[in-house]
Amino acid sequence: MSYKDKIDISNLPRHIAVIMDGNGRWAKKQGKLRLFGHESGVRSVREITETAAELGIEYLTLYAFSTENWKRPRMEVEALMTLLLKTINIETKTLNDNNIRLQAIGDLNSLNKSIRNRLQKTIDETSNNNKMTLILALSYSSHFEIVQAIRQIAEKHKNNEITLDDINKDLVSNHLFTKNFPDPELLIRTSGEFRISNFLLWQLAYSEIYITQKLWPDFRKEDLYEAIVNFQCRERRFGRTSEQILNQEKVKK
Ligand code: FPP
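Conventions adopted
- Residues numbered from 1 in each chain as written.
- Predicted model: local features only at pLDDT ≥ 70, side-chain atom pairs only at ≥ 80, totals over all residues.
- Heavy atoms only, no water.
- Helix = DSSP H or I, 4+ residues; strand = E, 2+ residues; numbered from the N terminus.
- Rg over C-alpha atoms; globule rule 2.2 N^0.38 Å.
- Buried < 20%, exposed > 50% of the residue type's maximum accessible area, 1.4 Å probe, protein only.
- Contact = heavy atoms within 4.5 Å.
- Lys, Arg positive; Asp, Glu negative; His and termini not counted.
- Charge placed at Lys NZ, Arg CZ, Asp CG, Glu CD.
- Axes fitted to C-alpha atoms, helices over the stretch in contact; angles between N-to-C directions.
- Parallel < 35°, antiparallel > 145°, perpendicular 65-115°, else oblique.
- Left-handed = near helix turned anticlockwise from the far one by under 90°.
- Nonpolar A, V, L, I, M, F, W, Y, C, P; charged D, E, K, R; others polar.
- Salt bridge = Lys/Arg side-chain N within 4 Å of Asp/Glu carboxyl O.

Details of the overall build of the protein chain
Within the protein chain, the regular secondary structure consists of eight helices and six strands. Over its C-alpha atoms the protein chain spans a radius of gyration of 19 Å, differing by no more than 12% from the 18 Å that the globule rule assigns to 253 residues. The 253 residues of the protein chain split such that 46% are buried. Taking all contacts inside the protein chain whose residues are at least 6 apart in sequence as the whole, residues at least 24 apart take part in 77%. Charged side chains in the protein chain number 38 positive and 33 negative. The centres of these two groups are separated by 4 Å.

As structure tokens, this is what we get:
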């Protein structure tokens, strides 16, 4: 029996975020170069994106390149950028065929011009799609995102556009790159690492975290189904007690 049959469609996470990890180790295990792992990871990107949209997930965020990834060997960075450009080029049609809108978060100005232009073109060409929003985190880190939010807020305060009392949780959220998206309910990390790696630190405050040993190029639709089933078995308390949650459920019924 597939995990798909165990999914409660009425209780899907609206937003799933994924730390796609393990491409390098996957390639090394086969005696291949790291780039081969990244290239193979694109197949998982395609399958997981299509599967999430098919299921009815509204937002899928993929951590494709972190601010810290710029520190990798120059050849690997260049190869990753070329792969990104090529993939966005080829997959724009797939996004449109599947009614998926593309968005990007991160320090996008640090990307080279050809990638920025291609990205913007695909964002524009898919802007009317409404089945799912695929958000690529590119040159992204939470530290960068939070610092730029603080700068914008400080500037507004300096210009008397806001008072100190206006600074609250919603105002901060509205200055993050993710201001137009709900927070992820589920974070998936592949390759068995127990780290957040500077990813969506603010937005993951109450997310359920699912860690699998699978390396990203091996992560397939059945693995996504399994992660969702696991998520649906969790009790999400948001600081309350288990009893309060059970009573709330009874009232709903
Ligand atoms: C982590 O594996 C993966 C990345 C840093 C890049 C992810 C990129 C892709 C899957 C390809 C392109 C993506 C898109 C969205 C088109 P790692 O290199 O850290 O692996 P390791 O931990 O085993 O070394």
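Considering the packing of helix α2 (residues 34–55) against helix α7 (residues 221–232)
Axis separation between α2 and α7 bottoms out at 9 Å; the angle between their running directions is 50°. The angle between the axes of α2 and α7 places the two elements in the oblique class. Between α2 and α7 lies a crossing whose hand is right-handed. Along the contact surface, α2 presents E47, I48, T51, A52, E54 and L55, while α7 presents K221, L224, Y225 and I228. Each residue belonging to the contact of α2 with α7 can be placed in one class, and the counts come to six nonpolar, one polar and three charged.

Here we look at the pattern of salt bridges
Under the definition given, this model contains 15 salt bridges. In this structure, E78 engages R74 in a salt bridge whose closest nitrogen and oxygen atoms are separated by 3.1 Å. Highlighted residues: E78 and R74, both in helix α3 (residues 74–97), separated by four residues, approximately one helical turn. Bridged by salt links that share partners, the residues D21, R25, R189, E193 and R195 form one connected network.

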